[in-house]
Amino acid sequence: MKRVIALLMENQPGALSRVVGLFSQRGYNIETLVVAPTSDPTLSRLTMSTEGDEKVVEQITKQLDKLIDVVLVTNLSDSEFVERELMLIKFDKDSFPKKAFEEKNIVSKSDEIVSVQVVGTSMELDNLVSEVQNNKPIEIVRSGPLGISSDKNTLSIEN
Amino acid sequence: MDKSNKSGAEALIHSLHLEGVELMFGYPGGAALHIYDAIFNQNYVDHILVRHEQGAVHAADGYARATGKPGVALVTSGPGATNAITGLATAYMDSTPIVVISGQVKSGLIGTDSFQETDMIGVSRPIVKHSFLVQSAEDIPEIVKKAFHIATTGRPGPVVIDIPKDFTDPEYKFEFNYPSEVNMRSYNPPKKGDTSRIKEAVDLIEQSKKPVIYSGGGVIQNDASEELTALAKLLNFPVTNTLMGLGAFPGSDPQFMGMLGMHGTYQANMAMHNADLIIAVGARFDDRITNDPKQFALGAKKIHIDVDAASVSKIIHADIPIVGSAKECLAALIKEINSRDLQLNNSAIEEWNQIISDWRDNHGLNHSMLELGPQNGKILPQQVVQSLYKETEGQAFITSDVGQHQMFAAQYYHFDKPRQWINSGGLGTMGFGLPSAMGVQLAYPDATVACVTGEGSIQMCIQELSTCLQYGLPIKIININNAALGMVRQWQDMQYGGRHSSSTYENSLPDFVALAESYGHIGIKVTKFEELESAMKECISLKDRLVFLDVDVDPNEHVYPMLEAGNAMDHMWLGKEEKTWK
């Protein structure tokens, strides 16, 4: 089962390598990884998805929490949460599947190439990719999902 | 507080002084030379020049294990840093508080493959508790403060401070301010401990009929031996210690079952396997203990006290997880017990203790092997350890290397006090024994410090014999010489049809007596059983000199008991032909 873990870490050189290194060191898989500074520039927020049973994910969060540069960790999959991922796809103009997209999805257009952007859950994007497979997309780029809990809880040092 | 202007190098040494550091171990080189010059110009911190950086880190580690205070090592960049890696990994696996300072090439040269450049932060990342790459000279005091705080609190561990050479430049001075406290929003190790589960733990204790207290290195690290012993005495529960935990409970106490695990005693392993309650304190259920976790102590409830939340339920599910310092949690347990009208199953526990006692009588270790005399004309390695125990009256600090001699020392020397037994349990680092003994001897100049080793391990850091002469360290090296890599050979005997692939030396061993003498020490050779005890007496009595006691032992001896791989803890080999299962 896919789990989404979000964490806040010190925005310092080497912090990301500690997080990523932990996964290879302990034999965990990272499926996706998104990282960017937060509105507090001393902190970065990192969202990752991983496959594993409950026990493995509990170990992962505990080990992440142990890293000195990691300030807070949460397993978003533990409760209701919203997950969104961005995907960019480009097609030959001739094989562009017009019906699959709305006009507003188109982010660039030339005589030869049409590029679109789509936002959705990872599963929705997976489905879309299969749907347009026959149109032979030239390139597909995915961001990996971001997550936010659906309730009042926030991942913040202010709490 | 000293607010005078200092260079980065001076600030570093002064910060160490303010952290209470009295001595450090190291080896100079280009990127560390500003620091070495600052060491030359002060009298607060002594520097011990080792012969290889691995020795520096092991010595700092040995110092830390014996004293409980953080050990410090200083190395240069590149090969100095990479040579420190084995020492760091050793300290990481055994959670010992050390701070390793490495020189780095100038900040402007980082990433250019400059001379003696290694990405120390990257190379050491998986084997440190934390590391710092210094970004400016002014940051040095705060980083030192944080490094010592991190190394010594929570689950202790090694911390690296990598300092580019330009930040120790003597020409650049700044106002020195040493922070009085550390504030890290991302690091708050549990101090008090999560004691909410204490009542539930005591409920389980009251129900138990076949309890075992299983304690590890965490009890020693956290100076909680007194509390552990008090708890065991209060309850009259049998106690076993891990390899790292020996000495946490008095080794010669009748309640002590000996070490458990791979080469644990019959009674300790049987007690674990048959227990209905395991109280684990500062131990982590590693594979050398549990054997197959799926078959581990299936009838037992587990109370697990550990300061590291990630250790709890990592391998074995904890019915009662208690995350907190061993000392605090044990004190809370004792308090809860004393506050109740405790109803133990006393008759069942009596019966259980009797069963354990019978196990010990029938299959326990023979601690009187000296009385057996020579076996087939040879000295047994166990007899060497027993002779050492007798001659030192059980009071010596014992360091060891890794292999059969380590297991024999752990099995046959009764450690009555914590911090008396110093070995590389987690990483299993050959070469640890002699340099760690240097750290112990420097911390306790008047104590008897013996390094129990073998002819394989001792050659991995033998160069430190020179350091021992320079600083007058009267270590007793007890070389249990079976002319083979004994533990490798044992496995080859048991699992590889006796094919001794690369585990013998084909008569290439040095004359250890001559070797010791050439380093300026005393060497004594023992080949006959009749000479053993008098030679040991002489060795220990030479208080002011390093003595290398080289004892030829039976190369065919194996370490038993030995757990059968991939099975439960009651599956043990008890001898070459004797096993506990059919």
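Residues numbered from 1 in each chain as written. Chains lettered and ligands numbered in written order. Predicted model: local features only at pLDDT ≥ 70, side-chain atom pairs only at ≥ 80, totals over all residues.

1. Describing the overall build of chain B
So, step 1. Scanning chain B from N- to C-terminus turns up 21 helices and 22 strands.
So, step 2. Taken over the C-alpha trace, chain B has a radius of gyration of 24 Å; the compact-globule value for 582 residues is 25 Å, and the two agree within 12%.
So, step 3. With 582 residues in all, chain B has 56% of them scored as buried.
So, step 4. In chain B, the share of contacts with a sequence separation of at least 24, taken over all contacts with a separation of at least 6, comes to 76%. (Helix = DSSP H or I, 4+ residues; strand = E, 2+ residues; numbered from the N terminus. Rg over C-alpha atoms; globule rule 2.2 N^0.38 Å. Buried ≥ 20, exposed ≤ 12 C-beta atoms within 10 Å, placed from the backbone. Contact = placed C-beta atoms within 7 Å.)

2. Some words on the overall build of chain A
So, step 1. A count of helical and extended segments in chain A gives three helices and nine strands.
So, step 2. Seen through its principal axes, chain A has C-alpha atoms that stretch 55 × 35 × 30 Å.
So, step 3. Of all 159 residues assigned to chain A, the portion counted as buried reaches 27%.
So, step 4. Across chain A, contacts joining residues at least 24 apart in sequence account for 72% of those joining residues at least 6 apart.

3. Describing the sheet that holds strand β10 (residues 239–241) of chain B
Residue and element names in this part refer to chain B.
So, step 1. Taken in spatial order, the six strands line up as β11-β10-β9-β12-β13-β14 in an open sheet, and their pairing is parallel. Since the sheet does not close on itself, it has two edges, and those belong to β11 (256–259) and β14 (320–323), each with one partner. Averaged over all pairs of adjacent strands, the angle between their axes in this sheet comes to 15 degrees, without regard to strand direction.
So, step 2. Across five bridges, the pairing between strand β12 (residues 277–281) and strand β13 (residues 301–306) is parallel. (Pairing = 2+ DSSP bridges. Axes fitted to C-alpha atoms, helices over the stretch in contact; angles between N-to-C directions.)

4. Describing unusual backbone geometry
Residues and elements named next belong to chain B.
So, step 1. Along the chain, Y560 connects to P561 via a cis peptide bond; the corresponding omega equals -5 degrees.
So, step 2. Of note, P561 is situated in the loop between β20 (547–552) and β21 (562–563).
So, step 3. One non-glycine residue with positive phi stands out, namely A297, at about 40 degrees.
So, step 4. Here A297 falls in the buried class, since 24 other C-beta atoms lie within 10 Å of it.
So, step 5. A positive phi angle, near 60 degrees, is found at N507, a position not held by glycine.
So, step 6. Structurally, N507 is set in the loop between α19 (486–495) and α20 (512–518).
So, step 7. Under the C-beta neighbour-count criterion, N507 is labelled exposed, with 6 such atoms within 10 Å.

5. Side note on the interface of chain A and chain B
So, step 1. Each side of the interface is counted separately: chain A has 16 residues, and chain B has 12 residues.
So, step 2. Only α1 (15–25), α2 (54–66) and β4 (70–75) of chain A provide two or more residues apiece to the side of chain A that touches chain B.
So, step 3. A class-by-class count of the residues in the side of chain A that touches chain B yields five nonpolar, six polar and five charged. (Nonpolar A, V, L, I, M, F, W, Y, C, P; charged D, E, K, R; others polar.)

6. With respect to the domain arrangement of chain A
So, step 1. Along its sequence, chain A is carved into domain 1 (2–78) and domain 2 (81–146).
So, step 2. Grouping the amino acids of the side of domain 1 of chain A that touches domain 2 of chain A by side-chain chemistry returns four nonpolar, three polar and no charged. (Domains from an automatic or database assignment.)

7. Details of the domain arrangement of chain B
Residue and element names in this part refer to chain B.
So, step 1. Under the domain assignment, chain B is made up of domain 1 (5–175), domain 2 (195–363) and domain 3 (369–563).
So, step 2. With centres defined by C-alpha atoms, the gap from domain 1 to domain 3 works out at 31 Å.
So, step 3. When residues of the side of domain 1 that touches domain 3 are traced back to their parent elements, those giving at least two are β3 (46–49), α3 (53–67) and α5 (85–93).
So, step 4. Considering each element in turn, the side of domain 1 that touches domain 3 owes the most residues, 11 residues, to α3.
So, step 5. A breakdown of the residues in the side of domain 1 that touches domain 3 according to their chemical character gives 10 nonpolar, 10 polar and four charged.

8. Observations regarding the environment of A:E124
Residues and elements named next belong to chain A.
So, step 1. Mapped onto the elements, E124 comes out in helix α3 (residues 122–131).
So, step 2. You can call E124 partly exposed: it has 15 C-beta atoms within 10 Å.
So, step 3. For the pair E124 and E85, spaced 39 residues apart in the sequence, the C-alpha separation amounts to 9.3 Å.

9. Digging into the sheet that holds strand β15 (residues 397–400) of chain B
Residue and element names in this part refer to chain B.
So, step 1. Taken together, the six strands give an open sheet; going across it, the order is β16-β15-β17-β18-β20-β19, and neighbouring strands pair in parallel fashion. At either margin of the open sheet sits one strand with a lone partner, and together these are β16 (421–422) and β19 (522–526).
So, step 2. Of the strands in this sheet, β15, β16, β17 (449–454) and β18 (476–481) are in contact with helix α17 (residues 433–443), which crosses β17 at around 175 degrees.
So, step 3. Where helix α21 (residues 529–541) meets the sheet, it contacts β18, β19 and β20, and its direction lies at approximately 165 degrees from that of β19.

10. Considering the packing of helix α1 (residues 8–18) of chain B against helix α2 (residues 33–40) of chain B
All names here are of chain B.
So, step 1. It is at 8 Å that the axes of α1 and α2 come closest, and there the two elements cross at 55 degrees. By the angle between their axes, α1 is oblique relative to α2. The interaxial crossing formed by α1 with α2 has right-handed handedness. Between α1, through A9, E10, L12 and I13, and α2, the contact on the second element is made entirely by H34, I35, D37, A38 and I39. (Parallel < 35°, antiparallel > 145°, perpendicular 65-115°, else oblique. Left-handed = near helix turned anticlockwise from the far one by under 90°.)

11. Some thoughts on the nonpolar core
A general tendency of soluble globular proteins is for nonpolar side chains to be buried together.
So, step 1. The biggest cluster of nonpolar side chains holds 203 residues, and the ones touching the most others in it are B:A73 and B:L549.
So, step 2. Tallying contributions element by element places α3(B) first for this core, with seven residues.
So, step 3. Counting five residues, the second largest nonpolar core, distinct from the first, contains A:I89, A:F91, A:F96 and A:V114. (Core = buried A, V, L, I, M, F, W, Y, C linked by C-beta atoms within 7 Å.)

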